[in-house]
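A closer look at the structure
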Amino acid sequence: GSFQQCFSSDFQHSYNSTTSGSMIFSKNNSTYASLLKSSVRNLRLLINSSEPQFIISPFHDSHVQAAVICSKKHGMQVRVRSGGHDYEGLSYVSDIVPFIIIDLVNLRSISIDVENESAWVESGATLGELYYKISEKSNAYGFPAGSCPTVGVGGQLSGGGFGTLFRKYGLAADNVMDAKIVDADGKLLDRKSMGEDLFWAIRGGGGSSFGVILAWKIRLVPVPPVVTIFKVKKTLEQGATEHLHKWQAIASKLHEDLFLHAVVNVANAPSNGGSKTIQISFISLFLGPAERLLLLMKVSFPELALERNNCTEMSWIQSVLYFAGFPSRSPLRVLLDRSPQSKSFFKAKSDYVKEPISKAGLEGLWQRLMVEQTSLLILTPYGGKMSDISDSETPFPHRSGNLYQIQYLVTWDSDNETQQQIGWMRSLYAYMAPYVSKSPRAAYLNYRDLDLGQNDNNNASYAQASTWGLKYFKNNFKRLVRVKTVIDPSNFFRNEQSIPVFPS
Ligand code: FDA
């Protein structure tokens, strides 16, 4: 028999063939191409890449089990896709063929239990859908995950997940209480039946090495009725370098209610016709009213000279819209729109900073950014709750001792530019080496970067995988390999950067 026959027969006892027809798509099906591209965020990955034999979009947990069992039987690789925002497209592109995509778009129900301050969320839901559903039930709760509403719950929670609330409540992964997963044998497990090792691994170790995570039980966190946002911009001419230098020293020490990140981009110089400058936007979410924020800022960062008219008070869910980039007064239901707000070619990398970077170091960075007008840096302060959680509590190891994280991002519009842009990004990363964390030079898994190293397709060795594994997971890497070796000894769930199995 074929994969398709296996898949269709495996659940036919409970689901008729009409259901199966609207769930499995091959290349000659008219839905295949649009479904394949639907949630892809990085257009770079659609050029010259291998395509899946089938895309399966399950409506029920048992369909996922059947897809795994039949893939194993018929020698198919599996790629699992929730929101499709993987930076290197590992949820829908595979070096190993033939492969199928299990696209969880139809497994996205969310049930909020305000009384118990928890929720069950299926992996195919987006963060926007989750925030919307929480606010529909209560304005007193939120969830500490990322800012981009089209990011999928599956990738975000399994890789860590941070946003404007993480200095107070930790990562999305830190707020997971239970999960449901289909393992490499097609078995459906919950926290109790999977055991604490696997439950540990999928909260920051990346889901794709371990199985298909169907759903998560999460802890809702309290948010106050009024929060305050501000954005203050400084160009080089307005002392941006000095402001950022000060910011480095204080941002991770601010009160945990105060999140103040810095976004660096290239802008037109105000007075000087046609020439460029660096602009730094200091953007904040404060969990409380403006008056208290002004007092805190006056003590910690008086140089920014924040004023009441820079501040806007609003509800937490409105701040979600703001950080998602929607115009103020947009209706909340824009959070339900699953199509990415913009699609482009892009390359990104990440670093962790432990000592403030010198002004000379920053100036050298600005010079390099100035060459690429579509470059962007996002500097995210750590500290607060992040420093209270031990490095080994979850696989995500970047806790106390980090001042901030840098994300480097460059975008472009056509494949002609790809080589040059990636080359530029690599040289920027080389320039930054002396200023950032060393041995290992740490990186954030959810900003996946295949430049850090890749598995040989069928033959991931521990030594080879250590090159990137230690950067993403530091001392937690070995434990992830141990868990992987127990849960998936045949290395069925593998990809270019999956966790390897110890040699038997
Ligand atoms: P996708 O579906 O591509 O999956 C990512 C990886 O997880 C793949 O390897 C995939 O196989 C695996 N996976 C997905 N679902 C799974 C499941 N159910 N079971 C097992 N494995 C599964 N991050 C952050 O922390 N804070 C932020 O604010 C942002 N903001 C942001 C904005 C934009 C525009 C992008 C493109 C990305 C971010 N991110 C982010 C990074 C984001 O957290 C990261 O890309 C996530 O892995 C995306 O999750 P998706 O489910 O969308 O990706």
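What this report covers is the structure whose coordinates are included nearby. Each residue is numbered by its place in its chain's sequence as written, counting from 1. Whole-chain, interface and lining totals are the exception, using all residues; otherwise, since this is a predicted model, local features are given only for residues with pLDDT of at least 70 and side-chain atom pairs are given and counted only at 80 or more. Heavy atoms from the whole structure form the basis of all side-chain values; hydrogens and water molecules are not counted.

1. Some details on the overall build of the chain
- The numbering of helices and of strands both runs from the N terminus, where a helix is a DSSP run of H or I of at least 4 residues and a strand a run of E of at least 2. A count of helices and strands for the chain gives 16 helices and 18 strands.
- Over its C-alpha trace the chain gives a radius of gyration of 23 Å, about what one expects of a compact globule, namely 23 Å for 504 residues.
- Its C-alpha atoms give the chain principal-axis dimensions of roughly 70 × 50 × 45 Å.
- Burial statistics for the chain: of 504 residues in total, 60% are counted as buried.
- Residues are treated as being in contact if the distance between any of their heavy atoms lies within 4.5 Å. Once local pairs closer than 6 in sequence are excluded, the contacts in the chain between residues at least 24 apart make up 73%.
- Accessible areas in this description were obtained via Shrake-Rupley with a 1.4 Å probe; residue shielding takes into account the shown protein chains only. About 19700 Å² of surface is accessible on the chain, with carbon and sulfur atoms providing 49% of the total.
- By the counting scheme adopted, Arg and Lys are positive, Glu and Asp are negative, and His together with the chain ends is not counted. For this purpose, a charge sits on NZ of Lys, CZ of Arg, CG of Asp or CD of Glu. Of the charged side chains in the chain, 51 are positive and 44 negative, and the gap between their average positions amounts to 1 Å. Note that the radius of gyration is over C-alpha atoms, with the globule rule given as 2.2 Å times the number of residues to the power 0.38. Burial classification: accessible surface area is computed with a 1.4 Å probe over protein chains only, and a residue below 20% of its type maximum counts as buried, one above 50% as exposed, and the rest as partly exposed.

2. What about the packing of helix H5 (residues 127-137) against helix H11 (residues 316-323)?
- Only C-alpha atoms enter the line fits that serve as axes; for helices the fit covers just the stretch in contact. Angles between N-to-C directions range over 0 to 180 degrees. As a packed pair, H5 and H11 sit with axes 10 Å apart at the nearest point and diverge in direction by 160 degrees. Classified by the interaxial angle, the pair formed by H5 and H11 is roughly antiparallel. For the pair H5 and H11, the crossing hand works out as left-handed. Contacts from Tyr131, Tyr132 and Ser135 of H5 reach H11 at Trp316, Ile317 and Val320.
- Each residue gets one of three labels, nonpolar for Ala, Val, Leu, Ile, Met, Phe, Trp, Tyr, Cys and Pro, charged for Asp, Glu, Lys and Arg, and polar for the others, Gly among them. Tallied by class, the residues present in the contact of H5 with H11 amount to five nonpolar, one polar and no charged. Note on terminology: angles under 35 degrees are roughly parallel, angles over 145 are roughly antiparallel, angles of 65 to 115 are roughly perpendicular, and the others are oblique. By the definition used in this description, the sense in which the near helix is turned from the far one sets the handedness, with an anticlockwise turn below a right angle giving left-handed and a clockwise turn giving right-handed.

3. Concerning the side chain of Ser8
- Tracing the chain through its elements places Ser8 in helix H1 (residues 3-10).
- Exposure remark for Ser8: the relative accessible area of 16% places this residue in the buried category.
- Pairing of N or O atoms within 3.5 Å defines a polar contact, subject to two protein rules: one partner must be a possible hydrogen donor and the other a possible acceptor, and residues neighboring in sequence count only if both atoms are side-chain atoms. Within the structure, Ser8 has its side chain in polar contact with the backbone oxygen of Gln4 (distance 2.8 Å).

4. Re the pattern of salt bridges
- Whenever Lys or Arg places a side-chain nitrogen within 4 Å of a carboxyl oxygen from Asp or Glu, that contact is recorded as a salt bridge. Scanning the model with the defined rule gives 25 salt bridges in all.
- The closest approach of N and O atoms between Arg292 and Asp257, which form a salt bridge, is 3.0 Å. Here Arg292 is found in helix H10 (residues 290-300), whereas its partner Asp257 is found in the loop between helix H9 (240-250) and strand S13 (258-268), with 35 residues between them in sequence.
- Here Arg292 falls in the partly exposed class, since its relative accessible area comes to 35%.
- Taking the shortest distance from any N to any O, the salt bridge between Lys349 and Asp451 comes out at 2.7 Å. Of this pair, Lys349 sits in strand S16 (residues 345-353) while Asp451 sits in the loop between helix H14 (418-432) and helix H15 (462-473), placing them 102 residues apart in sequence.
- Accessibility expressed as a relative area gives 32% for Asp451, which makes it partly exposed.
- Through salt bridges with shared partners, a single ionic network connects Arg44, Glu88, Lys347, Lys349, Arg426, Asp449 and Asp451.

5. What about the packing of aromatic side chains?
- Aromatic contacts are taken between Phe, Tyr and Trp rings whose centres are within 6.5 Å, Trp giving its six-membered ring; a plane angle under 30 degrees counts as stacked, one over 60 as edge-to-face, and the others as tilted. Scanning all chains against the criterion turns up 23 aromatic pairs.
- Here Phe162 and Tyr444 contribute two aromatic rings whose centre-to-centre distance is 5.6 Å and whose plane-to-plane angle is 55 degrees, an arrangement assigned as tilted. Of this pair, Phe162 sits in the loop between helix H6 (153-159) and helix H7 (166-169) while Tyr444 is found in the loop between H14 and H15, placing the two residues 282 residues apart along the sequence.
- Owing to a relative accessible area of 12%, Phe162 belongs among the buried residues under this scheme.
- When the centroid spacing of 5.9 Å and the interplanar angle of 85 degrees are considered together, the rings of Phe282 and Phe301 count as edge-to-face. Remark: Phe301 occurs in the loop between H10 and strand S15 (311-314) and Phe282 occurs in strand S14 (residues 276-286); sequence separation between them is 19 residues. Just as Phe282 is buried, Phe301 falls in that class too.
- Whether a charge lies above a ring is judged from NZ of Lys or CZ of Arg, which has to be within 6 Å of the ring centre and within 35 degrees of the ring normal. Between Lys72 and the ring centre of Phe492, over which it is positioned, the NZ or CZ distance is 6.0 Å.
- Directly above the aromatic system of Tyr429 lies the positively charged group of Arg441, at a separation of 3.5 Å from the ring centroid.

6. Focus: the nonpolar core
- What is meant by a nonpolar core is a set of buried Ala, Val, Leu, Ile, Met, Phe, Trp, Tyr and Cys residues, joined one to another through side-chain atoms within 4.5 Å. Of all hydrophobic cores here, the largest spans 127 residues; its most connected members are Phe210, Ile218, Trp247, Trp366 and Leu369.
- If we ignore the near neighbours within four places in the chain, the residues touching Phe210 are Ile181, Asp183, Leu198, Ala201, Ile202, Gly205, Leu480, Val483, Lys484, Ile487, Phe493 and Ile499.
- Judged by nonpolar contacts, the second largest core, of 24 residues, contains Phe54, Ala67, Cys70 and Leu107.

7. Section: the sheet that holds strand S2 (residues 54-56)
- The strand order across the open sheet formed by four strands is S1-S2-S4-S3, and the pairing between neighbours is mixed. Bordering the open sheet on either side are strand S1 (24-26) and strand S3 (77-81), each of which pairs with just one other strand. On average, each strand axis in the sheet is inclined to that of its neighbour by 20 degrees, with strand direction left out of account.
- In this description, strands pair whenever DSSP reports at least two bridges between them. Two strands pair when backbone bridges link them, and S2 and strand S4 (residues 99-103) are joined in this way by three bridges, in the parallel orientation. Directly across from Ile55, in S4, lies its bridge partner Ile101.
- On top of the sheet, helix H3 (residues 30-37) reaches S1, S2, S3 and S4; it is set at about 100 degrees to S1, its chief contact.
- Sheet strands in contact with helix H4 (residues 61-73) are S2, S3 and S4, and its direction is about 175 degrees off that of S4.

8. Some words on the packing of H15 against helix H16 (residues 477-487)
- The contact between H15 and H16 brings their axes to 9 Å, and the two run at 125 degrees. Viewed along their axes, H15 and H16 adopt a mutual orientation that is oblique. Between H15 and H16, the contacting residues are Tyr462, Ala465, Ser466, Gly469, Leu470 and Phe473 on the first element and Phe477, Lys478, Leu480 and Val481 on the second.

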